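Summary of structural features
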Amino acid sequence: MRSETLMKAARAARTRAYAPYSKFLVGAALLTEDGAIFTGVNIENASYGMTVCAERTAIWNAVNAGYRKFKGIAVAADCSPPPSPCGACRQVLWELAGDIEVAMGNLEKEIISIPLLELLAMPFGSERWGENPDNIDMEINEALWRLPVFFNPVGYVINGYKAPQTIPANYKELLSTIIIDPEMEEGLYRLDEEEKIIVIAHLHEAGGYKLKDKRCGRDNEVYGVFACRAPLRPNAIAQSVVDLVSVDKNVLTVKGLDLINGTPVLDIKTDYRNK
Ligand code: THU
């Protein structure tokens, strides 16, 4: 993955910062060893000292999701020179991520990249008193399946449907575009041999659900959420089978997509019945 991608994720994360006091929005994106990205933002508090920085929320997010090996972090803010992690963040990053690459960027494409150990010379760590903290042996127990699952979108939808209610009734006849992350273009190799493909997406505007309810797509009859295609579900995941019209580099044209403009796409796969 190019470091530019990580910086883009940090800039995107920045839009979620909660910084009503300083008005200084910061976003961070941390890359795990196996290529997942975890983002973080600064989260301030009226009791100012309770504020945490973007870098720490990013790494806490990742550790909380079960990740312990990292390659690099990008930090983005609207300032020149670009933001540099505070001492507390350097210390926390060192303990949890080791000597990763730290890329500091702003919105004008100015980027400075330095290994963490250059930002934190002679670091303090638990090896100073001889024993590293034990990784707690996680007991395999039946509750582990309850842990939240995390995904990084691979692309997004472009069409004229602004809201779920405005998807036209004849959507099956209409074209949409799916843009795949240019870094993942190779993954589309031989997709053009398919007539129909499955698009898995995150219904980013859906919230809340009822296990049993009247379903407007089913003549207002009562169905369980697992017995219908309702967009309001325990996990806002959509699966759409569409006609593949064309593949041009990282741009797919498809017919019959029932997703709105801007929907993050999680995966593209083929229909097992075809192959
Ligand atoms: N901040 C960060 O999130 N990361 C940094 O690297 C520097 C500072 C935040 C903390 C606070 O919300 C605001 O920036 C001003 O200090």
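The next subject is the domain arrangement of the protein. Its domain assignment divides the protein into domain 1 (3-146) and domain 2 (155-274). With centres defined by C-alpha atoms, the gap from domain 1 to domain 2 works out at 33 Å.

In the vicinity of the ligand, the contacting residues are Ser22, Phe24, Val26, Asn42, Glu44, Thr51, Cys53, Ala54, Glu55, Ser84, Pro85 and Cys86. Between the ligand and the protein, one listed contact pairs an oxygen atom with a side-chain N or O atom of asparagine 42 at 2.9 Å. A distance of 2.9 Å separates an oxygen atom of the ligand from a polar backbone atom of alanine 54. For the ligand, the accessible surface in isolation is 380 Å², of which the surrounding protein chains cover 79%. Class assignment of the residues belonging to the shell around the ligand gives a composition of 6 nonpolar, 4 polar and 2 charged.

What follows covers the pattern of salt bridges. A full pass over the atoms with the stated rule returns 3 salt bridges. Here glutamate 193 ties to arginine 190 by a salt bridge, and the two come within 2.5 Å at their closest N and O atoms. Note on glutamate 193: relative accessible area 42%, which makes it partly exposed. By relative accessible area, which is 49% here, arginine 190 ends up partly exposed.

Alignment of strand S8 (residues 196-202) against strand S11 (residues 237-248), held across 7 bridges, turns out to be antiparallel. Paired with valine 199 across the two strands is serine 240, which belongs to S11. Pairing of S11 with strand S12 (residues 251-255), which is carried by 5 bridges, proceeds in the antiparallel orientation. Paired with serine 246 across the two strands is threonine 253, which belongs to S12. Where S11 folds back onto S12 in an antiparallel hairpin, the turn is made up of 2 residues, including lysine 249, whose phi is positive at roughly 55°.

As a further point, take the sheet that holds strand S13 (residues 264-270). Taken in spatial order, the 6 strands of this closed barrel run S6-S7-S12-S11-S8-S13, and their pairing is antiparallel. Adjacent strand axes in the sheet meet at a mean angle of 45° when their direction is disregarded. With 2 bridges joining them, strand S6 (residues 155-158) and S13 adopt antiparallel strand pairing. Its bridge partner lying in S13, glycine 155 is registered against valine 265.

Right, let's talk about helix H2 (residues 54-64) for a bit. By the burial criterion, the buried members of H2 are Ala54, Glu55, Arg56, Thr57, Ala58, Ile59 and Ala62. Looking at the buried side of H2, the elements it contacts are strand S1 (26-32), strand S2 (37-41), strand S3 (70-77) and helix H3 (87-97). Backbone geometry just downstream of H2 places glycine 66 in the positive-phi region, at approximately 100°.

So, on to a nonpolar patch on the surface. Taken together, Tyr18, Tyr21, Ile43 and Tyr48 make up a surface patch of nonpolar side chains, about 440 Å² in accessible area. Checked against the element boundaries, tyrosine 21 lands in the loop between helix H1 (3-14) and S1. Relative accessible area serves as the criterion here: at 37%, tyrosine 21 is assigned to the partly exposed category.

Conventions we followed
Residues numbered from 1 in each chain as written. Predicted model: local features only at pLDDT ≥ 70, side-chain atom pairs only at ≥ 80, totals over all residues. Heavy atoms only, no water. Domains from an automatic or database assignment. Near = heavy atom within 4 Å. Polar contact = N/O pair within 3.5 Å; in protein donor to acceptor, adjacent residues only side chain to side chain. Areas by Shrake-Rupley, 256 points an atom, 1.4 Å probe, with all protein chains shown as cover. Nonpolar A, V, L, I, M, F, W, Y, C, P; charged D, E, K, R; others polar. Salt bridge = Lys/Arg side-chain N within 4 Å of Asp/Glu carboxyl O. Buried < 20%, exposed > 50% of the residue type's maximum accessible area, 1.4 Å probe, protein only. Pairing = 2+ DSSP bridges. Helix = DSSP H or I, 4+ residues; strand = E, 2+ residues; numbered from the N terminus. Axes fitted to C-alpha atoms, helices over the stretch in contact; angles between N-to-C directions. Contact = heavy atoms within 4.5 Å. Patch = residues over 30% accessible without salt bridge, like charges linked within 9 Å, V, L, I, M, F, W, Y side chains within 5 Å.

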